[in-house]
Amino acid sequence: MGNSKNKIQNSTEIQRQKDYLVNVLGVSGKEANSLVEEYTKKNLKKHSMVNSKKRIVWTTKMKLKYFLYCRRSQDREDQQVLSIESQKRELLEYAKQHDLDVAEIICEDMSAYKRGRPKFNYMMDQIEKGKANAVLSWHLTRLARNSADGGLIITFMDEGMIKDLRTTEKVY
């Protein structure tokens, strides 16, 4: 009886993993089945990492391409923020340590309090076109300090265009 209950729990967990791959990460159904099968055959643990919302994040075979985004404005907002070169150095070191595939490094020196940053808009446009599907930034405040840009990032995550958003301290 206990063995039967474990099989049901395992099949439920497998279906949850497939659903996550398809609905959140945007993987095709066929590819999700293949990943789950390969993952199960290797007898890996149920998941490799769980984020703050307790969703399963598959790090095996995930095809993530990262934009590294650095920003520092001349406003008072950035008095204590690392220089762009220091941010870039830390992000490249983090990417190397975590074996991240970097598509491009984008650096900008404009305030994020107002919309209209050309390089941020370029990055979001390129994400929409599929050039990258993940973002690494030194801190979330480097990405947005206004609700429109922050909302765009959230929308891209909800729609699966941004599959991974991280800073050097946390994965979101």
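For the structure itself, look to the data block above.
The rules behind the values
Residues numbered from 1 in each chain as written. Predicted model: local features only at pLDDT ≥ 70, side-chain atom pairs only at ≥ 80, totals over all residues. Heavy atoms only, no water. Helix = DSSP H or I, 4+ residues; strand = E, 2+ residues; numbered from the N terminus. Contact = heavy atoms within 4.5 Å. Areas by Shrake-Rupley, 256 points an atom, 1.4 Å probe, with all protein chains shown as cover. Salt bridge = Lys/Arg side-chain N within 4 Å of Asp/Glu carboxyl O. Buried < 20%, exposed > 50% of the residue type's maximum accessible area, 1.4 Å probe, protein only. Axes fitted to C-alpha atoms, helices over the stretch in contact; angles between N-to-C directions. Parallel < 35°, antiparallel > 145°, perpendicular 65-115°, else oblique. Left-handed = near helix turned anticlockwise from the far one by under 90°. Nonpolar A, V, L, I, M, F, W, Y, C, P; charged D, E, K, R; others polar. Pairing = 2+ DSSP bridges. Core = buried A, V, L, I, M, F, W, Y, C linked by side-chain atoms within 4.5 Å.

1. So, the overall build of the protein
Here is step 1: Along the backbone of the protein there are 6 helices and 6 strands.
Here is step 2: Within the protein, counting contacts between residues at least 6 apart in sequence, those at least 24 apart form 64% of the total.
Here is step 3: For the protein, the exposed surface amounts to about 10,600 Å²; the carbon and sulfur share of it is 49%.

2. Digging into the pattern of salt bridges
Here is step 1: A full pass over the atoms with the stated rule returns 6 salt bridges.
Here is step 2: When the shortest N-O distance is used, the salt bridge between Lys 65 and Asp 101 registers 3.9 Å. Of the two residues, Lys 65 sits in strand β3 (residues 65–71) while Asp 101 sits in strand β4 (residues 101–108), which places them 36 residues apart along the sequence.
Here is step 3: Between Asp 125 and Lys 129 there is a salt bridge whose closest N-O contact spans 3.1 Å.
Here is step 4: The exposure class assigned to Asp 125 is partly exposed, which follows from its relative accessible area of 30%.

3. Here's the deal with the packing of helix α4 (residues 118–128) against helix α6 (residues 147–158)
Packed helices, taken two at a time, are described by their axes: the angle between them and the distance between them.
Here is step 1: The contact between α4 and α6 brings their axes to 12 Å, and the two run at 15°. Between α4 and α6, the interaxial angle falls into the category roughly parallel. By crossing handedness, the relation of α4 to α6 is classed as left-handed. Residue-level inspection shows Phe 120, Met 124, Ile 127 and Glu 128 of α4 in contact with α6, the latter providing Asp 149, Leu 152, Ile 153 and Phe 156.
Here is step 2: Among the residues making up the contact of α4 with α6, the classes are represented as 6 nonpolar, no polar and 2 charged.

4. With respect to the sheet that holds β4
Here is step 1: Ordered by their spatial adjacency, 4 strands build an open sheet running β4-β3-β5-β6, and the pairing between neighbours is parallel. Each having just a single partner strand, β4 and β6 (164–166) make up the two edges of the open sheet. Each strand axis lies, on average, 20° off the axis of its neighbour in the sheet, ignoring direction.
Here is step 2: Across 4 bridges, the pairing between β3 and strand β5 (residues 134–137) is parallel.

5. Here we look at the nonpolar core
Here is step 1: Counting residues in each nonpolar core, the largest one holds 16 residues, and the members touching the most others are Met 123, Met 124, Ile 127, Val 135, Leu 143, Ile 153 and Ile 162.
Here is step 2: Elements represented by at least two residues in this core include exactly β3, α4 and α6.
Here is step 3: Sorting elements by how many residues they give to this core places α4 first, with 4 residues.
Here is step 4: Setting aside chain neighbours within four positions, we find Leu 143 in contact with Tyr 69, Arg 117, Phe 120, Met 123, Val 135, Ser 137, Ile 153 and Leu 165.
Here is step 5: Counting residues in hydrophobic clusters, the runner-up holds 12 residues, among them Leu 91, Ala 95, Leu 100 and Leu 136.

Everything listed is a geometric property; what it means functionally is a separate question.
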